[in-house]
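Chains, contacts and geometry: an overview
The chain contents come next:
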Amino acid sequence: MNHLKKICTAMLGLGMLFVAATPATAHEERARRRADNAPLVIGHRGGANGYLPEHTLEAYALGISLGADYIEPDLVATKDGHLIARHEPNLIDTTNVKDLPQFANRRRTVVLDGVPTEGFFASDFTLAEIKQLRAVQSFPERDQSFNGRFQIPTLAEVIDLAKRKSREEGRRIGIYPETKHPTYHQAIGLPLEDRLLAVLSAAGWNQRNAPVFIQSFETANLRYLRSKTSVRLIQLVDANDVKPDGSLDFSKPYDKPYDWVVSNRDGQFKDLVTPRGLQEVRGYADGIGPWKPYLISSACKSVQNGACADVTGDGVVDDRDRVLLPPTDVIANAHRLGLLVHPYTFRSEQKRLTGSFGGNPVNEYLAFYEAGVDGVFSDFADTAVAARAMFLLKHDPDYAGCLVNSRKCERNND
Ligand SMILES: [Ca+2]
Ligand SMILES: [Ca+2]
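Here's a quick rundown of the structure. (Residues numbered from 1 in each chain as written. Chains lettered and ligands numbered in written order. Predicted model: local features only at pLDDT ≥ 70, side-chain atom pairs only at ≥ 80, totals over all residues. Heavy atoms only, no water.)

**Some points on the environment of Lys270**
The following threshold applies: In this text, helices come from DSSP runs of H or I with a minimum length of four residues, and strands from runs of E with a minimum of two, each type numbered from the N-terminal end. Whether two residues touch is decided by their heavy atoms; if any such pair falls within 4.5 Å, the residues are in contact.
Relative to the helices and strands, Lys270 is located in the loop between α9 (258-262) and α10 (275-282). As for Lys270 and Arg108, which are separated by 162 residues in sequence, their C-alpha atoms are 34 Å apart. Apart from residues lying up to four places away in sequence, Lys270 is in contact with Phe250 and Tyr294.

Quick look at the structure:
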């Protein structure tokens, strides 16, 4: 795991001893600058949640040590108004809350963005109570052996970790917080936005050049944030599913931003990535975070009864039974307007890799890097980083020299 990074770090140590004797050549300097402009590796739910339970300091720290440039805390609010890192307000799938008798009476059903949802909700717990919970791996096919060991961190704790690791690693590590269900949090009297800005301000990270991106699937709260902060903002763009022909399905509730539902605005998520939609997004955000198939989709190799056929013959229908389609024009259209493009989510499991990638997740990263994305949300930061090094080696002969001659060849997010 992550041999390249270890080798680079070892070389960096050696290189520093001889730095006066072997100054960087112009080629190496140029290669290092290109590396700084290479696609960002954003540690999705920490960047190591392929290995450890998501949104824990341990998963963030591992994601950083695997090479993530940014770590992603998804944010929900506690009863006493603290922002904690969880993928959903409902804690049932990502913590051991259902096993703790002291909280048995907190189980209830909440209507979340129009969908009745049963479980245990962060807004019914104080931070002190949240600290009694322990995280669990939410993907059943991933390693469950770390369940029940790690605490739920606050946003402030995640920022402290990013700063400390930046010093230790000698590179600037950023955070990429997502405001989860902003309309819901407003409705329950715990709006996220000003709380988030207050924590960023306290950390000295509430300005344009801070290593911070704020993301949201809703639009109204991003507009509000734009009026209050110069921190970079990213509009997430979702959909429900990919149809057999590669076009996107917009079944509810993944049809549109929930603030559009509340304000009775017509349209679907896909309207945000048309040339006109991108113009609108440019009015309040710095980029888009689209689901991957908006950029490069896939179609069934063979269709049977309106769905993909099991062409691999393994008894299941999954992404291995699909073939990659050519890139859409979304990246080019976004770049024409100066918008960044950070697609999600890159995962290494075989069943999640389109047949065209031959079972190697590196090939998926390479396809998206080649298509021109500015960053990727990855559950396996080590693979994203290794693929990025291969991408640079392929396109930049000087990058090999940078790797071999002990220069720092990683991104530095200044
Ligand atoms: Ca997220
Ligand atoms: Ca199959």
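**Description of unusual backbone geometry**
What is expected of a backbone is that most residues other than glycine have negative phi and most peptide bonds are trans. Looking along the chain, the bond that leaves Lys252 and enters Pro253 is cis, with omega of 0 degrees. Residue placement: Pro253 occurs in the loop between β12 (248-249) and α9. With an omega of -20 degrees, the peptide bond running from Tyr344 to Thr345 counts as cis. Within the secondary structure, Thr345 is located in the loop between β18 (340-341) and α12 (361-371).

**Digging into the nonpolar core**
Selection criterion: Here, nonpolar core refers to any group of buried Ala, Val, Leu, Ile, Met, Phe, Trp, Tyr and Cys residues whose side-chain atoms link them within 4.5 Å. Buried means the residue's accessible area, taken with a 1.4 Å probe over protein chains only, is under 20% of the maximum for its type, while exposed means over 50%, and partly exposed covers the values in between.
Ile175, Leu200, Trp205, Ile214, Tyr294, Leu295 and Tyr369 are the most contacted members of the largest nonpolar core, which totals 80 residues. Residues Leu100, Phe120, Ala122 and Ile152 belong to the second largest nonpolar core, which totals 15 residues.

**Digging into the pairing of strand β13 (residues 287-290)**
This is how the line gets drawn: Any two strands are treated as partners once DSSP identifies two or more bridges connecting them.
The side-chain alternation of β13 yields two buried faces, one formed by Gly287 and Gly289 and the other by Ile288 and Pro290. Of the strand pairs in this sheet, strand β10 (residues 232-237) and β13 are connected by four bridges, and their pairing is parallel. Looking at the pairing, Ile234 lines up with Gly287 of β13. Sheet topology note: the β13/β18 ladder contains two bridges and is parallel. Bridge pairing in β18 places Gly287 opposite Leu340.

Keep in mind that these numbers describe shape and distance, not what the molecule does.
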